[in-house]
Amino acid sequence: MTYILIAFAITLISVLLCKYKQIIRMVAEKRALPKIEKVLFAQDERKKEKILQNIHSLTNHRLSDEIAIDYFYKIKGLQVLCISQPLNFWVKAYLTTPTKVKLNYFEQVKFYEAFLNYPCINKSANQSTANAVDELIKVPLMRKLIHQKMA
């Protein structure tokens, strides 16, 4: 009888942990996307449509808009935002989850060729991207850490 109860408890805990991960991923996506969009599209919101068109042309329109932009956010977000630096928990959780789709080798090569220097092509764009990262993600987190260290 005790073995049955132990097995039931272990099964229940494992099911809850699996559901908990999915809930964390959904919350992370909802909270992180506005911050990542502000960093990646700091200069022009119309770039998002151009990027979607470019990704659809690379993949022969086999991906939905949601999946294509998820792939773009995770790949370019990891490149633009330094994960080893202090980041918002939700942004870090979102960027470290796997992408919703795996591109084949040729699509990946085309993707990296197309977006190699995105979002910073010149120095002014690079500076504005760095400022956006500092303002939206790093500065609020550092303020919280400083207050915790002083306490």
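Use the structure listed above.
Each chain carries its own residue numbering, running from 1 in the written order of its sequence. In keeping with the predicted nature of the model, local features appear solely for residues at pLDDT of at least 70, side-chain atom pairs appear and are counted solely at 80 or more, and the whole-chain, interface and lining totals rest on all residues. No hydrogens and no water enter the side-chain calculation; it runs on all heavy atoms of the structure.

1. Some words on the overall build of the protein chain
Part 1 of the reasoning: Strands here are runs of E lasting at least two residues and helices are runs of H or I lasting at least four, both read from the DSSP assignment and numbered beginning at the N terminus. Across its full length, the protein chain holds 6 helices and 0 strands.
Part 2 of the reasoning: When accessible area is computed with a 1.4 Å probe and restricted to protein chains, residues below 20% of their type maximum are described as buried, those above 50% as exposed, and intermediate ones as partly exposed. Put simply, the protein chain has 151 residues, and 32% of those count as buried.
Part 3 of the reasoning: With the model as given, the accessible surface of the protein chain reaches about 10,500 Å², and the carbon-plus-sulfur share is 62%. In these tables, accessible area is a Shrake-Rupley quantity obtained with a 1.4 Å probe, and a residue counts as shielded only by the protein chains included in the view.

2. Concerning helix H3 (residues 65–80)
Side chains three or four residues apart in an α-helix point the same way, a direct result of the helix having 3.6 residues per turn.
Part 1 of the reasoning: In this analysis, the expected span of each helix is defined as 1.5 Å times one less than the number of residues it contains. Taking 1.5 Å per residue as the helical rise, H3 with its 16 residues ought to reach 22 Å, and the 21 Å between its terminal C-alpha atoms agrees with that figure.
Part 2 of the reasoning: Residues of H3 that are buried: Ala68, Ile69, Asp70, Tyr71, Phe72, Tyr73, Lys74, Ile75, Lys76 and Gly77.

3. Considering the nonpolar core
Nonpolar side chains tend toward joint burial in soluble globular proteins.
Part 1 of the reasoning: Residues enter a nonpolar core if they are buried and are Ala, Val, Leu, Ile, Met, Phe, Trp, Tyr or Cys, with the set joined through side-chain atoms within 4.5 Å. Counting residues in each nonpolar core, the largest one holds 30 residues, and the members touching the most others are Ile36, Phe72, Tyr73, Tyr94, Phe111 and Phe115.
Part 2 of the reasoning: Of all elements in the fold, only helix H1 (2–40), helix H2 (47–58), H3 and helix H4 (89–95) reach the threshold of two or more residues within this core.
Part 3 of the reasoning: Ignoring any residue separated from it by four or fewer positions in sequence, one finds Ile36 in contact with Tyr73, Val91, Tyr94 and Leu95. By definition, residues are in contact when any of their heavy atoms lie within 4.5 Å.

4. Details of the packing of H2 against helix H5 (residues 105–114)
Part 1 of the reasoning: For helices, the fitted axis covers only the stretch in contact; all axes are lines through C-alpha atoms, and the angles between them, taken along N-to-C directions, range from 0 to 180 degrees. Interaxial distance between H2 and H5 falls to 10 Å at its minimum, and their mutual angle equals 150 degrees. With respect to H5, the element H2 is oriented roughly antiparallel. Here H2 runs over H5; the crossing is right-handed. Packed against H2, whose contacting residues are Asn54, Ile55 and Leu58, the element H5 presents Glu107, Lys110, Phe111 and Ala114 at the interface. When an angle is under 35 degrees it counts as roughly parallel; over 145 it counts as roughly antiparallel; between 65 and 115 it counts as roughly perpendicular; any other value is oblique. Helix crossings get a hand from a simple test, with the near helix turned counterclockwise from the far one by less than a right angle marking a left-handed crossing and a clockwise turn marking a right-handed one.

5. Regarding the packing of aromatic side chains
Note on aromatic pairs: each is described by the distance of the centres and the angle between the planes.
Part 1 of the reasoning: Between rings of Phe, Tyr and Trp, where Trp is taken as its six-membered ring, a pair exists when centres lie within 6.5 Å; planes separated by under 30 degrees are stacked, by over 60 edge-to-face, and by other angles tilted. Per the stated rule, a full pass over the model turns up 9 aromatic pairs.
Part 2 of the reasoning: Seen from their ring centres, Phe72 and Phe111 are 6.3 Å apart, and the 75 degrees between their planes marks the pair as edge-to-face. Of this pair, Phe72 sits in helix H3 while Phe111 sits in helix H5; the two residues are 39 residues apart in sequence, bridging distant segments of the chain. For the pair formed by Phe72 and Phe111, the shared burial category is buried.
Part 3 of the reasoning: Ring centres of Phe111 and Tyr112 lie 5.6 Å apart, and the angle between their planes is 85 degrees; on these two criteria the pair is classed as edge-to-face.
Part 4 of the reasoning: According to the relative accessible area criterion, Phe111 is buried, its value standing at 1%.
Part 5 of the reasoning: An aromatic cluster of three or more residues is present, and its members are Phe41, Tyr71, Phe72, Tyr73, Phe111, Tyr112 and Phe115.

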